[in-house]
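# Observations on the model geometry
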Amino acid sequence: MSFLVAKKSLEVVVKSDSEVSISGTSNVNSFTCCYNIDKLEDPIPVSFESNNKNMVFQSTVLELKSDCFDCGHKAINKDFNKLLKTELYPRIKLNLLAIKKTSELKNTYNAKVEINIADVVNSYTFPVQVTKNEGIHIIGDLSIDLRDYKLEAPKKMMGLIVVHPDVIVNFNLHLRLL
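Rules of the game
- Sequence positions are assigned chain by chain, starting from 1 and proceeding in written order.
- Predicted model: local features are reported for residues with pLDDT of at least 70 only, side-chain atom pairs are reported and counted for 80 or more only, and whole-chain, interface and lining totals are derived from all residues.
- No hydrogens and no water enter the side-chain calculation; it runs on all heavy atoms of the structure.
- Throughout, exposure labels follow a simple rule: accessible area from a 1.4 Å probe, protein chains only, divided by the maximum for the residue type, with under 20% read as buried, over 50% as exposed, and the rest as partly exposed.
- Put simply, DSSP marks the helices as runs of H or I at least four residues long and the strands as runs of E at least two long, and each gets a number from the N terminus on.
- Regarding the arc, it is the one traced by the directions from the helix axis to the C-beta atoms.
- Only heavy atoms enter the contact rule, under which two residues are in contact if any of them lie within 4.5 Å.
- For this document, the term salt bridge refers to a Lys or Arg side-chain nitrogen within 4 Å of an Asp or Glu carboxyl oxygen.
- Note on pairing: DSSP must find at least two bridges between two strands before they are called paired.

As a further point, take helix H1 (residues 74–83). Three- or four-residue spacings in an α-helix give side chains the same orientation, since the helix completes a turn every 3.6 residues. Those residues of H1 that sit buried are Asn77, Phe80, Asn81 and Leu83. Mapping the buried residues of H1 onto a view down its axis gives an arc of 155°, with all of them on the same face. Set apart from the buried face of H1 by more than 90 degrees, the exposed residues are Lys74, Lys78 and Lys82. Each element contacted by the buried residues of H1 is listed here: strand S2 (19–25), strand S3 (30–35) and strand S6 (69–70). Of the residues flanking the end of H1, it is Lys85, one or two places downstream, whose phi is positive at about 55°.

Counting across every chain of the model gives 3 salt bridges. Its salt-bridge partner being Asp145, residue Arg147 comes within 2.7 Å of it at the nearest N-O pair. By relative accessible area, which is 53% here, Arg147 ends up exposed. Residue classification places Asp145 among the buried residues on the basis of a relative accessible area of 14%.

Okay, the pairing of strand S5 (residues 54–65) next. Pairing of strand S4 (residues 44–50) with S5 involves 4 bridges; the strand directions are antiparallel. Bridge pairing in S5 links Ser47 to Gln58. Linkage of S4 to S5, two consecutive antiparallel strands, is achieved through a turn of 3 residues. Strand direction decides the pairing type here: S5 and strand S7 (residues 91–101), joined by 9 bridges, are antiparallel. Note on S7: the bridge partner recorded for Val61 is Asn95.

Here is the structure:
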């Protein structure tokens, strides 16, 4: 029995029609903060080893500038940046560790990522849809708890408005291979 492992290195560009957003709720409303994809500057180096169902990545990191999220209103943007401690920690880092094919549905994989927010790193495994056409299209949603990053959700009007600590990170990435 032999295993065929392919090692590859390439670069990808996140295309401008991609979306990354963070959605959450408070006791009175919901909010969505969308990342300005145009602020992604350089191609992302991607290095991985693969066999037929698994890909293991080395140093494949998507860095997002914390102050490039738009929540639709200046005051909410200010609160969002205060929550993320943007002045101290100006970047959110998403480190792709592995992708494993699931046997359930076509184009469905489990992605394993490490997310670094405010200098706290947590690992997650969550399902993503991956399709290949002219590039690669990745769609997925990840639920995170802000308390896992030692972040305290803001309270407004002397505690009458409270943001819930559970948020959803939404990925809709269109990647172009270089």
